[in-house]
Amino acid sequence: MSHRVGLWEERNEQSLIGLNVSTLAKDSVVSTMYNLSLSRLRFTEIYGNDHIIERAASNIKQLPADSVLFCLLLEGNAFYYHQDGFETLGSGDAILYDADRPFMYGFHTPMRQLILEMPRDVFRENTGSSSPGRPRVLRGSGSGAADEHVRTLARVIQGTLRSKAAPEPLLEDEALDLFGLLIGSNAGPPGQAYLLAAKGFIGRNFHRPDLTTSSIARAVGISDRHLARVFAAEESSVARFVMDTRLERAYRLLTETTSGHVQVRDIAASVGFVSAAHFSRAFRNKFGFTAREARDRGRARRP
């Protein structure tokens, strides 16, 4: 058991920050970590059983991190002891803290979390401050603009960690823009972050016939006019992006093996179209052939 704990401490020291690990779990610490160091940021995803991590003054003196961590708890329940008090976290909550201030961070259930780590100079550049000071907890409400921004940041981090392709340089800017929205930092224009959040919301709600510019703007926390400007900046529009998302999803459904028995009108309804005729016209305008022809092409490609 002590060997397993030691290995996890060593892995954290090499990949994240130096700390002490303990657990009362029968099987000791059972955890998996994925991380990726970029030019300015480090993304990490951790799965594990119940355990406690502690960064004491001795850890800090021996291995100063000179960084700030933003930890988003996706699953589980946790507590966070620090010099100024005690915090509790549940699934969907996030905590921002200085890695060079002593803390004890414990998980009393199986857990999964994402971590955005930034060097102190990057944090200062994006917030105007060298440290967040007292640890700050952001509560996940399950709805609202802040929750939408958290979902989008999580998608950026997980997508980058799981991608087999080299990370795009803009990913760090996107993550920092979203981080700025979450903590209320005014450094830099937030347009890209709102765009990412809006696209994420559309991607999860395109099937709703009542999806409108107003409902999307409200979900990401800006006005209809501001949202229109954000899409216009990349030579698009809210309506066009919603339409393209619906049609591209319909195309995938039409060409999937498992959808061969589903009527075209039912596929149209499943992606948010009220009118089958409107769907048919829009589909042909985008792809240059009809929905039925798309289905035939899909069948022809199958073995």
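### A short note on the overall build of the protein chain
So, point 1. For the protein chain, the helix and strand inventory stands at 12 helices and 11 strands.
So, point 2. When each of the 303 residues of the protein chain is scored for burial, the buried share is 47%.
So, point 3. Across the protein chain, every contact between residues at least 6 apart in sequence was considered, and the portion connecting residues at least 24 apart equals 69%.
So, point 4. By element, 50% of the accessible surface of the protein chain is carried by carbon and sulfur atoms, the whole surface being about 15,100 Å².

### Describing helix 6 (residues 191–205)
So, point 1. For helix 6, spanning 15 residues, the distance from its first C-alpha to its last is 21 Å, which sits close to the expected 21 Å at 1.5 Å a residue.
So, point 2. Restricting attention to buried positions, one finds in helix 6 the residues Ala193, Tyr194, Leu195, Leu196, Ala197, Ala198, Gly200, Phe201, Ile202 and Asn205.
So, point 3. The inward-facing, buried residues of helix 6 contact helix 4 (145–162), helix 5 (170–183), helix 7 (213–220), helix 8 (224–232) and helix 9 (238–255).

### Here we look at the pairing of strand 2 (residues 31–37)
So, point 1. As paired strands, strand 2 and strand 3 (residues 42–48) are joined by seven bridges and run antiparallel to one another. Residue pairing in the sheet places serine 37 in a bridge with arginine 42 of strand 3.
So, point 2. Once strand 2 ends, the chain turns through four residues before running back antiparallel as strand 3.

### Digging into the packing of aromatic side chains
So, point 1. If you walk through the whole model with that rule in mind, you get 21 aromatic pairs.
So, point 2. Here tyrosine 251 and phenylalanine 283 contribute two aromatic rings whose centre-to-centre distance is 6.5 Å and whose plane-to-plane angle is 20°, an arrangement assigned as stacked. Separated by 32 residues along the polypeptide, tyrosine 251 in helix 9 and phenylalanine 283 in helix 11 (residues 276–287) bring together distant segments of the chain.
So, point 3. Given a relative accessible area of 0%, phenylalanine 283 falls into the buried group.
So, point 4. Every member of this aromatic cluster is reached through a ring pair, and the members are Tyr251, Phe273, Phe279, Phe283, Phe287 and Phe289.

### Some words on the nonpolar core
So, point 1. Counting residues in each nonpolar core, the largest one holds 47 residues, and the members touching the most others are Phe70, Met118 and Ile216.
So, point 2. Excluding residues within four positions of it along the chain, methionine 118 makes contact with Arg40, Leu41, Ser67, Val68, Phe123, Leu176 and Phe179.

### Focus on the packing of helix 6 against helix 7
So, point 1. Closest axis-to-axis distance for the helix 6/helix 7 pair is 9 Å, and the angle between their directions is 120°. By the criterion of interaxial angle, the relationship of helix 6 to helix 7 is oblique. In the packing of helix 6 onto helix 7, the handedness of the crossing is right-handed. Across the interface between the two elements, Tyr194, Ala197, Ala198, Phe201 and Ile202 of helix 6 pack against Ser215, Ile216, Ala219 and Val220 of helix 7.
So, point 2. For the contact of helix 6 with helix 7, a count of residues per class yields eight nonpolar, one polar and no charged.

### Overview of the pairing of strand 10 (residues 111–119)
So, point 1. Counting buried positions along strand 10 yields eight of nine residues, so the element is predominantly enclosed.
So, point 2. With seven bridges joining them, strand 3 and strand 10 adopt antiparallel strand pairing. Across the sheet, residue arginine 42 finds its bridge partner in strand 10, namely glutamate 117.

### Quick look at the sheet that holds strand 1 (residues 20–22)
So, point 1. Judged by pairing direction, the sheet is antiparallel, and its five strands sit side by side in the order 1-4-9-6-7 without closing on themselves. Looking at strand neighbours, the two that pair on one side only are strand 1 and strand 7 (85–89), the edges of this open sheet. Each strand of the sheet is rotated relative to its neighbour by a mean of 15°, with strand direction disregarded.
So, point 2. Inspection of the sheet shows strand 1 paired to strand 4 (residues 51–55) by three bridges, in the antiparallel sense. Each bridged residue has a counterpart across the sheet, and for serine 22 the counterpart in strand 4 is isoleucine 52.

### Here we look at the packing of helix 3 (residues 120–127) against helix 5
So, point 1. Between helix 3 and helix 5, the shortest axis-to-axis distance is 11 Å and the interhelical angle comes to 60°. Seen from above, helix 3 lies across helix 5 with right-handed handedness. Counted together, Val122, Phe123, Asn126 and Thr127 of helix 3 and Leu176, Phe179 and Ile183 of helix 5 form the full contact between these two elements.
So, point 2. Partitioning the contact of helix 3 with helix 5 into residue classes produces five nonpolar, two polar and no charged.

Rules used in this analysis
Residues numbered from 1 in each chain as written. Predicted model: local features only at pLDDT ≥ 70, side-chain atom pairs only at ≥ 80, totals over all residues. Heavy atoms only, no water. Helix = DSSP H or I, 4+ residues; strand = E, 2+ residues; numbered from the N terminus. Buried < 20%, exposed > 50% of the residue type's maximum accessible area, 1.4 Å probe, protein only. Contact = heavy atoms within 4.5 Å. Areas by Shrake-Rupley, 256 points an atom, 1.4 Å probe, with all protein chains shown as cover. Expected span 1.5 Å × (residues − 1). Pairing = 2+ DSSP bridges. Phe/Tyr/Trp six-rings, centres within 6.5 Å; stacked < 30°, edge-to-face > 60°. Core = buried A, V, L, I, M, F, W, Y, C linked by side-chain atoms within 4.5 Å. Axes fitted to C-alpha atoms, helices over the stretch in contact; angles between N-to-C directions. Parallel < 35°, antiparallel > 145°, perpendicular 65-115°, else oblique. Left-handed = near helix turned anticlockwise from the far one by under 90°. Nonpolar A, V, L, I, M, F, W, Y, C, P; charged D, E, K, R; others polar.

Scope: geometric values only; no functional claims are made or implied.
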